[in-house]
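Reading the structure
So the chains spell out like this:
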Amino acid sequence: MIPVSRTTRSIIKPLQPIYDMLSPLAYPIIRIAAGVMMIPHGYGKLFNDGGIERTAKFFSSISIEPSVFFAWYVGIIEFVGGICVALGLLTRIFSAQLVGVLFVATFVVHFQNGFLWVKGGYEYPLMWMLIMIAITLRGGSTLSIDNQLPKEF
């Protein structure tokens, strides 16, 4: 095993106090951004004109049935789940649901198009799925509503 030094090895040593001060914000920034990024996807399905019907029609075309149920489910999970992940409220419950949604988006919807997102591939949903897996494992952590509850879900 390689011994690991726990002392800092910053290239720009005068910045170390800033890194030390801001590093507790790193995970909350990722959690909040990931949650916020889910919200518009759900919003479009739930509130745009024809969103549920359009989503259900698409789901039917790729054999996801019952399509209307899953259109509502995905819209609610993306919208409400995105808000809750961003707030850190019931983080693990909603992020785990988003992992499932993103798994389907990755491997059912986009996988056959190859990797690159610009070609309709699975790069983007895979990245968000991996981030949601990490959030599920870590939970709300600091700067979350979950952190204020007696038990974290």
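As the structure is a prediction and not an experimental result, all values here were calculated from the model. Within each chain, residue numbers correspond to sequence positions counted from 1 in written order. This being a predicted model, a pLDDT of at least 70 is required before a residue's local features are given, and a value of 80 or more before pairs of side-chain atoms are given or counted; all residues contribute to the totals for chains, interfaces and linings. Only hydrogens and water are set aside; all other atoms, that is, all heavy atoms of the structure, feed into the side-chain values.

Some words on unusual backbone geometry
Worth spelling out the cut-off: A helix here means a DSSP run of H or I that spans at least four residues, while a strand means a run of E at least two residues long, and both kinds are numbered starting from the N terminus. Each residue is placed in one exposure class: buried if its accessible area under a 1.4 Å probe, protein chains only, is under 20% of its type's maximum, exposed if it is over 50%, and partly exposed if it falls in between.
The residue after Glu65, namely Pro66, is reached through a cis peptide bond having omega -5°. Along the chain, the position of Pro66 falls in the loop between α3 (51–61) and α4 (67–87). Even without a glycine there, the phi angle at Ser63 is positive, about 65°. The residue Ser63 is located in the loop between α3 and α4 in this model. With a phi angle near 60°, Ser141 is a residue other than glycine that sits in the positive phi range. You can see Ser141 is positioned in the segment after α6 (123–138). Overall, Ser141 belongs to the buried group, its relative accessible area being 15%.

With respect to helix α2 (residues 26–47)
Rules: What a helix is expected to span follows from its residue count: subtract one and scale by 1.5 Å. Note on definitions: a residue-residue contact is assigned when non-hydrogen atoms from the two residues lie within 4.5 Å.
The end-to-end C-alpha distance of α2 is 32 Å, a good match for the 32 Å that 22 residues give at a rise of 1.5 Å each. Every buried residue of α2 is listed here: Tyr27, Pro28, Arg31, Ala34, Gly35, Met38, Gly42, Gly44, Lys45 and Leu46. Looking at the buried residues of α2, the elements they touch are α3, α4, α5 (91–110) and α6.

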